[in-house]
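Descriptive analysis of the structure
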Amino acid sequence: MPINNPDHIEYTIINGHVQIVVEGGRQLPAYWAHPDLGGTFPGVVLIHDWWGITSVERRLAGRFAQSGYYVIVPDLFNGSTATTPQEAIALVEALGDSGYRLVDTALTTLEQHVRCSRDVAAVGLGMGGTLAFHAALTRVDLESAVACYGFPQRMLGQFGKAQTPIMAIYGEHEPHVDPTVIARLRAELRESPLDHQVVTLAGAGREFFEQDTAAGAEAWRQMLTFIESHHKHTHTVQSPDAPL
């Protein structure tokens, strides 16, 4: 799907499925997308919402890849998806506390990948946004983290100490994160010297990437600009003898 953004090169891409080796030697399935071109690219670990990997995550992965990023979407639910909130809650409960460990492994795997420049961002939606917050507060080696309609409640009081630049994006009519919580998040991020940003999308609710809306387009523009501003390395051309 073309981005049609005149400010960016649009690469043709390759996408599909891979396996990530996690603790205990077991394999974590993941969706991946990257430019169909040799060399190294900055990386994005895209973390899905409580529905599992859907067309939304696959579409965003493709857009990042078209923009020059090597993207992996770890499947925290091991192939399962939800179509109702009840099913989603059951998947989240089954995941338990292991979600961040899996995300952390995916981030490390991508950083060490031969096709990655070692500049890596964590981007998450909903539940994944919460895990992106967690990554930003836990790791010191990420270039940026973007949380789209994530839940910061359990981490309030810690954001002023974050060592990763954070962008948090919410719709003006966000139904599940109270405005007072977003205001407190914004206040804590202002305590930091880092380039943190909290974006409110006028007229939008939740899950603004679900459809092709003005709010989704604006969220994409701000997110991509933020990530690009913190990556030190862009695409480098691969020599003919370099491994794939």
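Anything mentioned here points back to the structure above.
Small disclaimer: the values here were computed from a predicted structure and weren't measured. (Residues numbered from 1 in each chain as written. Predicted model: local features only at pLDDT ≥ 70, side-chain atom pairs only at ≥ 80, totals over all residues. Heavy atoms only, no water.)

On to the overall build of the protein. Assigned secondary structure in the protein consists of 6 helices and 8 strands. Counting from the amino terminus, helix and strand elements in the protein follow one another as β-β-β-α-β-α-α-β-α-β-β-α-β-α. By the compact-globule yardstick of 18 Å for 244 residues, the protein fits well, its C-alpha radius of gyration being 17 Å. Its C-alpha atoms put the protein at 55 × 40 × 35 Å along the principal axes. Across the 244 residues in the protein, those meeting the buried criterion constitute 53%. Pairs at least 24 apart in sequence give 70% of the contacts found in the protein among residues at least 6 apart. Distance from the positive charge centre (16 side chains) to the negative charge centre (27 side chains) of the protein: 4 Å. (Helix = DSSP H or I, 4+ residues; strand = E, 2+ residues; numbered from the N terminus. Rg over C-alpha atoms; globule rule 2.2 N^0.38 Å. Buried < 20%, exposed > 50% of the residue type's maximum accessible area, 1.4 Å probe, protein only. Contact = heavy atoms within 4.5 Å. Lys, Arg positive; Asp, Glu negative; His and termini not counted. Charge placed at Lys NZ, Arg CZ, Asp CG, Glu CD.)

So, on to the pairing of strand E8 (residues 197-201). In this structure, strand E7 (residues 166-171) lies alongside E8, joined through 5 bridges in parallel fashion. Note on E8: the bridge partner recorded for Ala 168 is Val 198. For the handedness criterion, the β-α-β arrangement of E7, helix H5 (residues 179-190) and E8 is classed as right-handed. (Pairing = 2+ DSSP bridges. Right-handed = clockwise from strand over helix to strand, strands pointing away.)

This next bit is on the layout of surface pockets. The rolling of a water-molecule-sized probe over the atoms marks out the regions of remaining empty space. Size it by volume and the largest pocket reaches roughly 830 Å³. Lining the largest pocket we find 27 residues, and of these Val 92, Met 127, Thr 130, Phe 151 and Arg 154 sit closest to its centre. Put simply, the parts of the chain that give the lining of the largest pocket at least two residues each are helix H2 (85-95), helix H3 (99-111) and helix H4 (127-138). Of the residues forming the lining of the largest pocket, the biggest block, 6 residues, is contributed by H4. Grouping the constituent residues of the lining of the largest pocket by class yields 12 nonpolar, 9 polar and 6 charged. (1 Å grid on protein atoms, 1.4 Å probe; cavity = no way out; pocket = protein on both sides within 12 Å on 5 of 7 lines; lining within 4 Å. Points joined across faces, edges and corners; volume = space filled by probe spheres on them. Nonpolar A, V, L, I, M, F, W, Y, C, P; charged D, E, K, R; others polar.)

Under the counting rule described, the total for this entry stands at 0 disulfides. Unpaired in terms of disulfides, Cys 116 finds its nearest cysteine sulfur in Cys 148, a separation of 20 Å. Residue class for Cys 116 comes out buried when judged on its relative accessible area of 6%. (Disulfide = S-S within 2.5 Å.)

Turning our attention to helix H6 (residues 214-230). Over its 17 residues, H6 extends 25 Å from the first C-alpha to the last, a length consistent with the 24 Å expected when each residue adds 1.5 Å. Every buried residue of H6 is listed here: Ala 215, Gly 216, Ala 219, Trp 220, Met 223, Leu 224, Phe 226, Ile 227 and His 230. The arc that holds every buried residue of H6, seen down its axis, measures 165 degrees, which confines them to one face. On its buried face, H6 is in contact with helix H1 (55-66), strand E5 (116-125), strand E6 (144-148), E7 and E8. (Expected span 1.5 Å × (residues − 1). Arc of directions from axis to C-beta.)

Two elements in contact, H3 and H4, have axes separated by 10 Å at closest approach and are oriented at 65 degrees. In this structure, H3 meets H4 at a crossing whose hand is right-handed. Residues Gly 99, Tyr 100, Val 103 and Leu 107 of H3 lie in contact with H4, whose contacting residues are Leu 131, His 134, Ala 135 and Thr 138. Here the residues of the contact of H3 with H4 sort into 5 nonpolar, 3 polar and no charged. (Axes fitted to C-alpha atoms, helices over the stretch in contact; angles between N-to-C directions. Left-handed = near helix turned anticlockwise from the far one by under 90°.)

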